[in-house]
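Residue-level structural notes
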Amino acid sequence: MNTSDSNEKSKVDSEFQKYSLVGSPFKDQLKELDRLIEKTKSGTNIQIETDQENLIAIAPMKAMQGKLKCSISKSETNNWLLKLKIN
């Protein structure tokens, strides 16, 4: 990766407010997902790190219902990263 790639990645990462739900019970993570979806609807891009595959399965449907873009990837710590943005 060259310097410009690194700068672009930093710029993209800084556009998201980051939240970690790792270690929380699934029920709590689900409630937090709903809260963060509402926050995203108001214009804040959100990145959520989770260790719950069930949350990753549910999140795209909830995001579509809220008319949001949703992307899923793996984090550096091998957890899941969920990014939410306005369409």
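The preceding data block contains the structure.
In short, a report on the structure. These numbers come from a predicted model, not from an experiment.

Conventions and cut-offs
Residues numbered from 1 in each chain as written. Predicted model: local features only at pLDDT ≥ 70, side-chain atom pairs only at ≥ 80, totals over all residues. Heavy atoms only, no water. Helix = DSSP H or I, 4+ residues; strand = E, 2+ residues; numbered from the N terminus. Buried < 20%, exposed > 50% of the residue type's maximum accessible area, 1.4 Å probe, protein only. Contact = heavy atoms within 4.5 Å. Areas by Shrake-Rupley, 256 points an atom, 1.4 Å probe, with all protein chains shown as cover. Core = buried A, V, L, I, M, F, W, Y, C linked by side-chain atoms within 4.5 Å. Expected span 1.5 Å × (residues − 1). Arc of directions from axis to C-beta. Salt bridge = Lys/Arg side-chain N within 4 Å of Asp/Glu carboxyl O. Phe/Tyr/Trp six-rings, centres within 6.5 Å; stacked < 30°, edge-to-face > 60°. Lys NZ or Arg CZ within 6 Å of the ring centre and 35° of its normal.

Okay, the overall build of the chain next. A tally of helices and strands in the chain yields three helices and four strands. The order of α-helices and β-strands along the chain, N terminus first, is α-β-α-β-α-β-β. The buried share of the chain, reckoned over its 87 residues, is 31%. Sequence separation of 24 or more characterises 61% of the internal contacts of the chain that already satisfy a separation of 6 or more. When the accessible surface of the chain is summed, it comes to about 5,600 Å², and 49% of that surface belongs to carbon and sulfur atoms.

Let us now look at the nonpolar core. In terms of nonpolar packing, the biggest core is built from 13 residues, with L33, I37, I46, I48, L82 and L84 touching the most fellow members. Those elements that provide at least two residues to this core are α2 (26–41), β2 (46–50), α3 (53–65) and β4 (80–86). A total of four residues in this core trace back to one element, the largest contributor, which is α3. Residues contacting I37, with those up to four places away along its chain left out, are K62, A63, L68 and L84.

Here the focus is α2. When the terminal C-alpha atoms of α2 are compared, their 23 Å separation across 16 residues agrees well with the 22 Å that a helix rising 1.5 Å per residue should span. For α2, the set of buried residues is Q29, L33, L36, I37 and T40. The arc that holds every buried residue of α2, seen down its axis, measures 110°, which confines them to one face. Away from its buried face, by an angle of more than 90 degrees, α2 presents the exposed residues K27 and K31. Buried residues in α2 make contact with β1 (17–20), β2, α3, β3 (68–74) and β4.

Following the criterion strictly, the structure yields three salt bridges and no others. Here E32 and R35 are joined by a salt bridge, their closest N and O atoms 2.6 Å apart. Here E32 pairs with R35, and both are found in helix α2, just three residues apart, close to one helical turn.

What follows deals with the packing of aromatic side chains. Taken as a whole, this structure holds zero aromatic pairs when the rule is applied. Here K83 stacks its cationic end above the ring of F16, 5.0 Å away from the centre of that ring.

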